[in-house]
Amino acid sequence: MSRPVFSINTSLPATRSTSYASTTAYSPTISNSSDDTDLALPFPEPLPRSDFLAPSFNPSTYLSTVSQNRHQTLEDLRSELRTRSQALSQELLELVNAHYSDFLGLGTSLKGGEDRVQEVWGGLRGFVREVEGIRASVVESEIEVRDAMAERRRVRGDIERGRRMVDWEGGLGRLEEKLSIGSRSSVKESTVGDSQDEDEDEEESDEEEEEEFEEGQALNGISLEILKLKRRVDEYRLLEYEAEQIGQEYPFVTAQQPRMIQCRKMILLDLSNSLRQTGDDITGRLEIMSLFRDMDASREAISALKSR
């Protein structure tokens, strides 16, 4: 394989060098106007290479110093530095051409260091394994936290649903008492003291409401008896709505359905009796029929009208 010959052409001054021809002659430019006395002046010696090889070499400091110690114009100094730079470029070119094959085989001629490379590679693989372990731990922790949050939401939902069931059952028990339906189920006996306090408050509110009207007194043409029936119908419909919100599929709600049916029967029975007692009171009769409609008991309403 033929070896290429490199050529370097640069006009930039070099600050450091490896060799310089000590025999390089310095030939300053002498103008035609100079007289014989100027030719007798000593010419400055070439800049020594050792000045450029100093560890603390600084171009600005060096130029300011050399301009004070040498009787030389700036143009002559620039010309000398340019000549030195060209000489260094030539030396570098000869060096590369002389060791061209060594430069090409530099990558393959490196020997040793395999142990160090293996050590670094082993440390890198260990670091990768640690990162993967930490990542797996973080992912596992994330899954655990997500599951814990889901469990927390489920438990809070169950607690809230349980409270709503207790309140719903308390309202059902109060309605049974107002309708004078036998003894309550065993669920009422396990109700906490707060539910008992609510029962007492509800009974007191009913008594206050009844005290506002005397027996037989009319309010907007509607008797107190019809108003009480309307209140019972509203309470029953509210219990139905709350049961739907809780969920009819829950065993607790399903177990209370016989009590709900019994309350419905008692309300419809009271409505039928009140309808028979209305006589010629058209307003009272229409109000009771609207209560039958609210109870979704059109068939029972027709039967009650026929039996008058």
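Quantities reported herein were computed from a predicted structural model and do not represent experimental measurements.

J.: Give me the lowdown on the overall build of the protein, citing residues and values where you can.
T.: Assigned secondary structure in the protein consists of 14 helices and two strands. By the burial criterion, 25% of the 308 residues in the protein qualify as buried. Partitioning the contacts of the protein with sequence separation of at least 6, the portion at a separation of at least 24 is 73%. Put simply, the protein shows about 21900 Å² of open surface, and 53% of that area lies on carbon and sulfur atoms.

J.: Tell me about the confidence of the model for the protein, and name the residues and values.
T.: With 72% of its residues at a pLDDT of 70 or more, the protein has an overall mean of 75. Per-element confidence in the protein ranges from a low mean pLDDT of 44 for helix α8 (residues 186–189) to a high of 91 for helix α7 (residues 114–178). In the predicted structure, residues 5–31 sits below a pLDDT of 50 and forms 52 contacts with residues beyond four places in sequence or in another chain. For residues 213–219, every residue scores under 50 in pLDDT, and the model assigns this stretch eight contacts once sequence neighbours within four places are set aside.

J.: Residue-level account of the packing of aromatic side chains, with values.
T.: Counting across every chain of the model gives four aromatic pairs. Relative to Phe57, the ring of Phe52 has its centre 5.5 Å away and its plane inclined at 50 degrees; by these criteria the two rings are tilted. In terms of burial, Phe52 and Phe57 fall into one category: buried. Relative to Tyr62, the ring of Phe57 has its centre 5.5 Å away and its plane inclined at 50 degrees; by these criteria the two rings are tilted. Assigned by exposure class, Phe57 and Tyr62 land together as buried. Site record: aromatic cluster; members linked through ring pairs are Phe52, Phe57 and Tyr62.

J.: Describe the pattern of salt bridges, naming the residues involved and giving the relevant values.
T.: All chains considered together, the criterion is met by 15 salt bridges. Where Arg154 meets Glu151, a salt bridge forms, and the shortest distance between an N and an O atom there is 2.4 Å. Of this pair, Arg154 and Glu151 both sit in helix α7, three residues apart, which is roughly one turn of that helix. Among the residues examined, Glu151 registers a relative accessible area of 38% and is labelled partly exposed.

Rules and cut-offs
- Residues numbered from 1 in each chain as written.
- Predicted model: local features only at pLDDT ≥ 70, side-chain atom pairs only at ≥ 80, totals over all residues.
- Heavy atoms only, no water.
- Helix = DSSP H or I, 4+ residues; strand = E, 2+ residues; numbered from the N terminus.
- Buried < 20%, exposed > 50% of the residue type's maximum accessible area, 1.4 Å probe, protein only.
- Contact = heavy atoms within 4.5 Å.
- Areas by Shrake-Rupley, 256 points an atom, 1.4 Å probe, with all protein chains shown as cover.
- pLDDT = per-residue confidence, 0-100.
- Phe/Tyr/Trp six-rings, centres within 6.5 Å; stacked < 30°, edge-to-face > 60°.
- Salt bridge = Lys/Arg side-chain N within 4 Å of Asp/Glu carboxyl O.

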